[in-house]
Amino acid sequence: LCEYLNDKVDGLSEDSKKRLDTNILRIFDSKIESDQKIMEDAPLLIEHLDNESLEKFEQVKEILLAAGVPFEIDPKLVRGLDYYTHTTFEIISRNIGSQSALCGGGRYDLLAEQIGDRSVPGVGFAAGIERLLMACENEKCLELPEDSIDIYIIRLDKELLSEAYDLSLKLRKAGLLVELDYLKRSVKAQMREANKLNAKKAIFLGGEEYKTGQAVLKDMESSEQENISIKEIENIINKTKG
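Structure report, in brief. What you see is a predicted model, and the numbers here were worked out from it, not measured in a lab. (Residues numbered from 1 in each chain as written. Predicted model: local features only at pLDDT ≥ 70, side-chain atom pairs only at ≥ 80, totals over all residues. Heavy atoms only, no water.)

Let's talk about the nonpolar core
- By size, the foremost hydrophobic cluster in this structure holds 18 residues, and its most contacted members are I151, I153, L167, L171, I203, L205 and I236.
- Taken together, the elements giving at least two residues each to this core come down to β4 (149–155), α7 (161–173), β5 (178–180), β6 (199–205), β7 (214–219) and α10 (233–241).
- Ignoring sequence-local partners within four residues, the contact set of L205 consists of I153, I154, R155, L156, D157, L160, E163, A164, L167, Y210, A215 and I230. (Core = buried A, V, L, I, M, F, W, Y, C linked by side-chain atoms within 4.5 Å. Buried < 20%, exposed > 50% of the residue type's maximum accessible area, 1.4 Å probe, protein only. Helix = DSSP H or I, 4+ residues; strand = E, 2+ residues; numbered from the N terminus. Contact = heavy atoms within 4.5 Å.)

A short note on the pairing of strand β8 (residues 225–229)
- Summarising the sheet, β7 and β8 pair through five bridges and their orientation is antiparallel. Within β8, the residue paired with A215 across the bridge is I228. (Pairing = 2+ DSSP bridges.)

Some details on the sheet that holds strand β3 (residues 123–127)
- The strand order across the open sheet formed by three strands is β1-β2-β3, and the pairing between neighbours is antiparallel. Unpaired on one side and paired on the other, β1 (88–92) and β3 mark the two borders of the sheet. Direction aside, the axes of adjacent strands within the sheet are offset by 20° on average.
- Two strands pair when backbone bridges link them, and β1 and strand β2 (residues 101–107) are joined in this way by five bridges, in the antiparallel orientation. By the bridge assignment, I91 is partnered in β2 with C103. (Axes fitted to C-alpha atoms, helices over the stretch in contact; angles between N-to-C directions.)

Things to note about the pattern of salt bridges
- Applying the stated criterion across every chain, the model contains 15 salt bridges.
- Here D7 ties to K8 by a salt bridge, and the two come within 3.2 Å at their closest N and O atoms.
- For E58, the salt bridge goes to K61, with nearest N and O atoms at 3.0 Å. Of this pair, E58 and K61 are both found in helix α4 (residues 51–67), three residues apart, which corresponds to roughly one turn of the helix.
- Taking relative accessible area as the criterion, E58 reaches 34% and is therefore assigned partly exposed.
- For K61, a relative accessible area of 16% corresponds to the buried category.
- By sharing partners, the salt bridges in this structure join R26, D29 and K31 into a single network. (Salt bridge = Lys/Arg side-chain N within 4 Å of Asp/Glu carboxyl O.)

So, the packing of aromatic side chains
- Throughout the structure, instances matching the rule amount to three aromatic pairs.
- An angle of 80° between the planes, with centres 5.6 Å apart, marks the rings of Y83 and Y108 as edge-to-face. With Y83 in the loop between α4 and β1 and Y108 in the loop between β2 and α5 (111–114), the pair connects residues that are 25 residues apart, well separated along the chain.
- The exposure class assigned to Y108 is partly exposed, which follows from its relative accessible area of 23%.
- A network of ring pairs unites the aromatic residues Y83, Y84 and Y108 as a single cluster.
- For K8, the ring lying beneath its charged end belongs to Y4, and the centroid distance is 4.1 Å. (Phe/Tyr/Trp six-rings, centres within 6.5 Å; stacked < 30°, edge-to-face > 60°. Lys NZ or Arg CZ within 6 Å of the ring centre and 35° of its normal.)

What about the sheet that holds β4?
- One open sheet holds the five strands; their spatial order is β5-β4-β6-β7-β8, and the pairing between them is mixed. On the outer flanks of this sheet lie β5 and β8, each paired with one strand and no other. For this sheet the average axis-to-axis angle between neighbouring strands, irrespective of direction, equals 25°.
- By the bridge criterion, four bridges tie β6 to β7 in an arrangement that is antiparallel. Among the inter-strand pairings, A202 is bridged to a residue of β7, identified as K218.
- Along the sheet face, α7 touches β4, β5 and β6 and points at about 170° away from the line of β5.

Following this line, the structure appears as structure tokens:
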């Protein structure tokens, strides 16, 4: 990108000239027409991803597709801060007019370590509260759920993340509040999280039961538990709602 802009500097705006040495990718974000014209044929970051970044990018897209979340790849999307790693994103609504972005953010896996803490993976965003409220009102989703969740999915085998995620999607589509562990924590730590979230039920995924197509469904209040077929989603839903 530096090489591409090397003989085009004189045509850039003053702000973009300053960004050449501070945050060159932000020139893609310029709203000035002359800058936009210059950047039309500029090399894109997405064309120069290393293997690790490309693999993570593909994983993000696979999860979004599996979840049924519509998305567009914007090769010129950049954020105003330079501590992001891998993914950056914006979430938009079609129901609030031309200013459609509700929030924007990304991953910053190296930030905590850079400011002197231990290595901690992270993701975050900044949101416009007025836009969020307007979108919620227009999309009629202002009703708040009770302070609990219906099901917490506990993985007994760490390699079952994809299966746990798939089960959570099916249950969420049925209107249930479902959470699961994304950090490959121990069963004990997952149980603590389930209790912290005041889960009504817990599904234990893995072990000998999983080999026979079953999971253990536990009532978190009474501690009663039973084996249940993973494929019989309706049965799980009925037992949870009942």
